[in-house]
Amino acid sequence: MYLLCYGRSGNAKKTGNRLIDGIGGRWIDGDDFLSGGTVVPDTTGDTAIVMLLPLEAAVRITQEMIPESMRRLPVICVSAEGLFAAVIRRGGAEEAAACSGIYDAIKKILGDKCFTGFGGGADVGGDLEGVAARYGMNVSSKELLAKVDAKLKKGLRARIFTDLKAAYGDPVLDPMIYDLRKYPSDMRDEFIKQYYRSRLEAQKEEIVPDVFITCSRLEGIADSGILGLTPKIISIGIEQRTRTDPEYAAEGIRQSLEKHMIEPLSVCTIAVPYTIREDAMVKRVAEEFGAQIISYDAQELSGAKPPLKMTFAPEKLNDKATAACYLASGGGDIMIRRSTSVSGIIFSAAVKKGSLLLS
């Protein structure tokens, strides 16, 4: 263990030196925060920043002054007299796993008179099971979901990676629970690389497993050791050109989605023109994806205004497939436009408008 102690009063120096003598570490100053150049030797093991300051000052410095290069480190506030200790920030996923041990070592040196109790992580309210239920998400492992929630309730943070629109439900409390990392659509390759990095890290039992909330298809996620959550937020719009075998259509659309790296479990709605709502093909496709069928009349479809209207090909101006999925998604982003990979039908896909709220 290694402590980076910060403080300047006489009492702070005495208490800090007790901690350094008992655990190991050194003093840092304001220049270390401003420059972000503090280097911790690889041989020092688990490291934390110890603020020997009033709680309010320590929290403010943690929020405003600690540079990006040091943000992975846990931050522990200790009163100058050594009569109070509290974890302000647990750090990155691996560092958070070591934070409890460092905190216990500090409490042991400070003694039984040191006040440390402020309630557990459950008082903050991490509840990924509730988030998954709210959006009807498919869960890669219910056991792993329960494990992640149990660690959240102990005060540990979970890294959440997503290529969807997502936001904190509460911008103050939720960042204490979730470390949200969003990837725009043009960074899909980086998103997939992070998935495989997380698979390797998942072998470390002491860390909180990473969480991937996505409609992208991630190979082998059920056995990866990380948690995958798939919200049902994709609408498929279908345009029928000729009579098509229902089984062929269902399997063909599934394969096409997978080729586009879209997880079929994310499909929630099959949107079609009113004239084919009772067609056996439409019903079979809806059954394949466990989706509901919604239909629109000609006036509704012609009045839809999806983006990127195809004006260069007159025969594609009446784009019923895209109009249908666009309406069903509430005006969301188009993911596939006019796929003809299944003979006899054309389909488009759109993701539901709005952000997923983590709260």
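Let us look at the structure shown here. (Residues numbered from 1 in each chain as written. Predicted model: local features only at pLDDT ≥ 70, side-chain atom pairs only at ≥ 80, totals over all residues. Heavy atoms only, no water.)

A look at the overall build of the protein chain
Next up, step 1: Regarding its fold elements, the protein chain presents 12 helices and 17 strands.
Next up, step 2: The C-alpha atoms of the protein chain give a radius of gyration of 26 Å, which is well past the 21 Å a tight globule of 359 residues would have.
Next up, step 3: Projecting the C-alpha coordinates of the protein chain onto the three principal axes gives extents of approximately 85 × 40 × 35 Å.
Next up, step 4: Buried positions account for 50% of the 359 residues belonging to the protein chain.
Next up, step 5: Within the protein chain, residue pairs in contact and separated by at least 24 positions form 63% of the contacts whose partners lie at least 6 positions apart.
Next up, step 6: Within the structure as shown, the protein chain displays about 17700 Å² of accessible surface, and the carbon and sulfur contribution to it stands at 51%.
Next up, step 7: When the 46 positive and 47 negative side-chain charges of the protein chain are each reduced to one mean point, those points stand 2 Å apart. (Helix = DSSP H or I, 4+ residues; strand = E, 2+ residues; numbered from the N terminus. Rg over C-alpha atoms; globule rule 2.2 N^0.38 Å. Buried < 20%, exposed > 50% of the residue type's maximum accessible area, 1.4 Å probe, protein only. Contact = heavy atoms within 4.5 Å. Areas by Shrake-Rupley, 256 points an atom, 1.4 Å probe, with all protein chains shown as cover. Lys, Arg positive; Asp, Glu negative; His and termini not counted. Charge placed at Lys NZ, Arg CZ, Asp CG, Glu CD.)

A closer look at the packing of aromatic side chains
Next up, step 1: For the structure on display, the rule yields 6 aromatic pairs.
Next up, step 2: Measuring from centroid to centroid gives 5.5 Å for Y183 and F191, while their planes differ by 65°, and the two rings are edge-to-face. The burial state of Y183 is the same as that of F191; both residues are buried.
Next up, step 3: Every member of this aromatic cluster is reached through a ring pair, and the members are F161, Y183, F191, Y195, Y196 and F212.
Next up, step 4: Over the face of the ring belonging to W27 we find K13, whose NZ or CZ atom lies 4.1 Å from the ring centre.
Next up, step 5: Sitting above the plane of the Y274 ring, R277 keeps its charged end 3.5 Å from the centroid. (Phe/Tyr/Trp six-rings, centres within 6.5 Å; stacked < 30°, edge-to-face > 60°. Lys NZ or Arg CZ within 6 Å of the ring centre and 35° of its normal.)

A closer look at the sheet that holds strand β1 (residues 2-6)
Next up, step 1: What the 5 strands build is an open sheet, ordered β2-β1-β3-β4-β5; its pairing is mixed. Across the chains shown, the open sheet's two edge strands, defined by having one partner strand only, are β2 (25-27) and β5 (85-89). Across the sheet, the axes of successive neighbouring strands diverge by a mean angle of 25°, strand direction being ignored.
Next up, step 2: As paired elements, strand β4 (residues 75-78) and β5 share 4 bridges and run antiparallel to each other. For V78, the partnering residue across the bridge sits in β5 and is A85.
Next up, step 3: Sitting on the sheet, helix α3 (residues 55-64) is in contact with β1, β3 (47-51), β4 and β5, with an inclination near 20° to β5. (Pairing = 2+ DSSP bridges. Axes fitted to C-alpha atoms, helices over the stretch in contact; angles between N-to-C directions.)

Some details on the state of the cysteines
Next up, step 1: Tallied over the entire structure, the rule returns 0 disulfides.
Next up, step 2: Summary of cysteine pairing: C5 is not part of a disulfide, and the nearest cysteine sulfur, belonging to C77, is at 12 Å.
Next up, step 3: Given a relative accessible area of 0%, C5 falls into the buried group.
Next up, step 4: For the unlinked cysteine C268, the closest cysteine sulfur is that of C215, found at 8.8 Å. (Disulfide = S-S within 2.5 Å.)

Some points on a nonpolar patch on the surface
Next up, step 1: Taken together, the side chains of V172, L173 and M176 make up a nonpolar region of the molecular surface, amounting to roughly 280 Å² of accessible area.
Next up, step 2: Turning to its location among the elements, L173 is positioned in the loop between β8 (166-168) and α7 (174-177). (Patch = residues over 30% accessible without salt bridge, like charges linked within 9 Å, V, L, I, M, F, W, Y side chains within 5 Å. Salt bridge = Lys/Arg side-chain N within 4 Å of Asp/Glu carboxyl O.)

Side note on the sheet that holds strand β16 (residues 345-351)
Next up, step 1: Spatially, the 5 strands line up as an open sheet ordered β14-β13-β12-β16-β15, and their pairing is mixed. Edge positions in the open sheet fall to β14 (292-296) and β15 (334-339), since each of these has one partner strand only. Sheet twist, expressed as the average angle between the axes of neighbouring strands with direction ignored, equals 20°.
Next up, step 2: Judged from the 5 bridges that link them, strand β13 (residues 267-273) and β14 form a sheet pairing that is parallel.

Some remarks on the packing of helix α9 (residues 246-259) against helix α10 (residues 280-289)
Pairs of packed helices are described in terms of their axes, by the angle between the two and the distance that separates them.
Next up, step 1: Contact geometry of α9 with α10 gives a least axis separation of 8 Å together with a crossing angle of 45°. The angle between α9 and α10 falls in the class oblique. By crossing handedness, the relation of α9 to α10 is classed as right-handed. On α10, the residues that touch P246, E247, A249, A250, I253, R254 and L257 of α9 are A280, M281, R284, V285, E288 and F289.
Next up, step 2: Considered class by class, the residues forming the contact of α9 with α10 number 9 nonpolar, no polar and 4 charged. (Parallel < 35°, antiparallel > 145°, perpendicular 65-115°, else oblique. Left-handed = near helix turned anticlockwise from the far one by under 90°. Nonpolar A, V, L, I, M, F, W, Y, C, P; charged D, E, K, R; others polar.)

Some details on the nonpolar core
Next up, step 1: Core analysis: the largest hydrophobic core is formed by 51 residues, its most contacted members being L128, I236, I238, I253 and I270.
Next up, step 2: At 5 residues, the largest contribution of residues to this core is made by α10.
Next up, step 3: Core analysis: the second largest hydrophobic core is formed by 19 residues, L52, I76, I102 and A105 among them. (Core = buried A, V, L, I, M, F, W, Y, C linked by side-chain atoms within 4.5 Å.)

Notes on unusual backbone geometry
Next up, step 1: Of note in the backbone geometry, M261 takes a positive phi value of approximately 60° without being a glycine.
Next up, step 2: As for its placement among the helices and strands, M261 is situated in the loop between α9 and β13.
Next up, step 3: Look at R338: it is not a glycine, yet its phi comes out positive at around 55°.

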